[in-house]
Amino acid sequence: MASPRFALTTPVLLLMALATGLCVGANYLNQPLLDTIATTLGTSHSAAAFTVTVAQVSYALGLLFLVPLGDMLDKRRLAVGLMILAAAGQVVSGFAPNIGVLTAGIAVTGLFSVAAQVLVPFAAALAAPERSGRAVGLVMSGLLLGILSARSIAGVLAEVGGWTIVYRAGAVALIVVAVALWRTLPSSRPTTSAGYAATLRSLSTLVRTHRRLRTRALLGAMSFGSIAVLFSTMTFLLAGEPYGFGDAQIGLVGLAGVAGALAANLSGRAADRGHTQLTTGVSLAVLVASWAALAAGVHSLAWFLIGFVAVDLAVQGVHITNQNVVYALEPAARARINSVYMTVYFIGGASGSALGTLAWTTRGWSGACTAGVALAVAAAGMWTLDLRAERRVAADRSPTTGVSVQS
């Protein structure tokens with residue numbers, strides 16, 4: 001717990017949001033630059049696109065092995081240290097002479113940029129219980145804005161100074177914000193005294209104990225996999241015919257997803273009011289429908305933008321409601337629960353990226369759209385299982401004490 005004198009004000013939340021946006025956004029800097037990276041480093045489109053998958057896999061490994069430390073260590077010290085290491089990975093990427101070194105730098109950045117997932121549950125812990133959803137939603141809004149801004153800024157900077165300057169500037173930004181966090185956030189006390197090995201073993205216990213952690217994690221993985229298909233292929237669509245966009249134009253297209261950041265905050269507020277399942281259901285319906293617009297985007301930029309906004313809105317709505325559900329399962333284990341949830345989430349993203357690359361290679365944009373909508377439909381199916389799990393959890397509650405036997 002933090003010092004009782006500390007007040008989680010809106011400016012502090014905004015700083016945390018900026019930090020999470022820079023951390024996670026660092027894993028998306030390459031997406032509008034894939035065509036340029038492939039050309040500059042003399043490699044194939046598939047090799048350049050593979051760096052997207054590497055970023056997701058590395059991030060998932062960090063979620064599994066580093067985020068649980070948030071229950072064992074001072075969260076401020078952990079988050080700042082991870083941000084500095086992520087900046088080091090960006091320095092490597094910014095001076096990469098070939099695709100191998102670039103891939104290594106991206107892997108390092110992905111591994112340590114999980115500082116974002118130390119900060120999100122930290123915000124929930126610092127907030128009053130009745131305002132936890134708002135705190136998570138606001139930090140996640142900033143996270144999404146950071147991702148979208150990273151794509152747009154990356155495109156613009158690449159046009160001005162080449163793609164390497166993007167990573168060098170990102171490293172500087174991470175270090176500056178890390179210092180600001182160190183001076184602003186309070187220290188926190190560990191919520192578990194178990195050793196590292198025991199803490200990692202407890203992850204499997206949490207998975208077995210909490211039924212809705214399983215359903216919500218898989219739901220998140222499938223929805224994120226759906227949007228990852230889009231992220232790993234849209235650059236090739238927009239760089240080719242009939243669009244022929246450059247890096248800056250492709251990056252600016254990403255700004256259309258700013259509406260998704262607003263949805264994150266609104267979804268958090270809706271969850272605080274008890275509308276979690278309704279928000280999830282509406283978001284999933286939008287996710288499935290968005291792929292019809294994206295399919296039409298093969299010849300129409302307007303339809304592509306509509307689909308892009310819709311898919312961003314939908315995935316953020318699902319993600320925020322998922323987090324509100326899983327964080328409430330066992331508050332003392334928030335970091336470990338977040339580790340489980342986000343590990344599964346980013347495995348879904350990495351799988352979606354790989355599937356999208358394969359679909360693009362074999363069938364082009366139509367193949368990518370087919371893969372994206374298939375994952376969206378699978379996510380909707382998982383939601384029906386979560387509804388059943390919620391009813392079973394209610395049935396497992398003691399009729400006299402109301403204490404949950406299994407959640």
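Our subject is the structure that appears above.
First things first, this report covers the structure right here in the doc. Quick caveat: nothing in here was measured; it's all calculated off a predicted structure.

**Some details on unusual backbone geometry**
- Residue Pro 242 follows Glu 241 across a cis peptide bond; omega there is 5°.
- Position of Pro 242 among the secondary structure elements: in the loop between helix H10 (211–239) and helix H11 (247–253).

**Focus on the nonpolar core**
- One finds Met 16, Met 83, Leu 181, Leu 230, Trp 291, Phe 304 and Phe 346 to be the most contacted residues of the largest nonpolar core, which totals 93 residues.
- With 14 residues, helix H15 (residues 334–396) is the largest single contributor of residues to this core.
- Excluding residues within four positions of it along the chain, Leu 181 makes contact with Leu 15, Met 16, Ala 19, Arg 76, Val 80, Met 83 and Leu 119.
- By size, the runner-up hydrophobic cluster in this structure holds 14 residues, among which are Leu 33, Ile 37, Ala 55 and Ala 158.

**Let's talk about the packing of helix H6 (residues 116–126) against helix H7 (residues 132–161)**
- It is at 8 Å that the axes of H6 and H7 come closest, and there the two elements cross at 155°. Of the possible angle classes, the one that applies to H6 and H7 is roughly antiparallel. In this structure, H6 meets H7 at a crossing whose hand is right-handed. Along the contact surface, H6 presents Ala 116, Gln 117, Val 120, Ala 123 and Ala 124, while H7 presents Ser 132, Ala 135, Val 136, Val 139, Met 140 and Leu 143.
- Residues of the contact of H6 with H7, tallied by class, amount to 9 nonpolar, 2 polar and no charged.

**Brief notes about a nonpolar patch on the surface**
- A contiguous nonpolar surface patch, about 390 Å² in accessible area, is contributed by Val 57, Leu 61, Leu 64, Phe 65 and Tyr 196.
- Examining the composition of the nonpolar patch, we find that 4 residues originate from one element, helix H3 (residues 45–65), more than from any other.
- Structurally, the position occupied by Leu 61 is in helix H3.

**Observations concerning the pattern of salt bridges**
- Evaluation of the coordinates by the stated rule reveals 4 salt bridges.
- Among the ionic pairs, Arg 212 bridges to Asp 386, the shortest N-O distance being 2.9 Å. Placement of Arg 212 in helix H10 and of Asp 386 in helix H15 is noted, with a sequence separation of 174 residues between them. The burial state of Arg 212 is the same as that of Asp 386; both residues are buried.
- Its salt-bridge partner being Arg 216, residue Asp 386 comes within 3.1 Å of it at the nearest N-O pair. Highlighted residues: Asp 386 in helix H15 and Arg 216 in helix H10, separated in sequence by 170 residues.
- What makes Asp 386 buried here is its relative accessible area of 0%.
- Judged by relative accessible area, which is 0%, Arg 216 ranks as buried.
- Via salt bridges that share partners, Arg 212, Arg 216, Asp 386 and Glu 390 belong to a single interconnected network.

Rules and cut-offs
Every chain is numbered independently, its residues counted from 1 as its sequence is written. The predicted nature of this model means local features are confined to residues of pLDDT at least 70 and side-chain atom pairs, given and counted, to a pLDDT of 80 or more, with totals for whole chains, interfaces and linings taken over all residues. The basis for the side-chain values is all heavy atoms of the structure; hydrogens and waters are excluded. Elements are defined by DSSP. Helices are runs of H or I of four residues or more, strands are runs of E of two residues or more, and each kind is numbered from the N terminus. Each nonpolar core is a collection of buried residues, namely Ala, Val, Leu, Ile, Met, Phe, Trp, Tyr and Cys, held together in the definition by side-chain atoms within 4.5 Å. Each residue gets one of three labels from its accessible area relative to the maximum for its type: buried under 20%, exposed over 50%, partly exposed in between, using a 1.4 Å probe on protein chains only. The criterion used for residue contact is that any of the two residues' heavy atoms lie within 4.5 Å. Comment: axis = line fitted to C-alpha atoms, over the contacting stretch for helices; angle = value between 0 and 180 degrees taken between N-to-C directions. Orientation labels follow simple angle bins: below 35 degrees gives roughly parallel, above 145 gives roughly antiparallel, 65 to 115 gives roughly perpendicular, and whatever is left gives oblique. Crossings are sorted by hand: turned counterclockwise from the far helix by less than a right angle, the near helix makes the crossing left-handed, and turned clockwise it makes it right-handed. Nonpolar residues are Ala, Val, Leu, Ile, Met, Phe, Trp, Tyr, Cys and Pro. Charged residues are Asp, Glu, Lys and Arg, and all others, Gly as well, are polar. In this scheme, patches are assembled from residues that exceed 30% relative accessible area and form no salt bridge. Like charges are connected within 9 Å, while nonpolar side chains (Val, Leu, Ile, Met, Phe, Trp, Tyr) are connected within 5 Å. In short, Shrake-Rupley with a 1.4 Å probe defines the accessible areas, and a residue's cover is counted only from the protein chains shown. The term salt bridge refers to a pairing of a side-chain nitrogen on Lys or Arg with a carboxyl oxygen on Asp or Glu at a separation within 4 Å.

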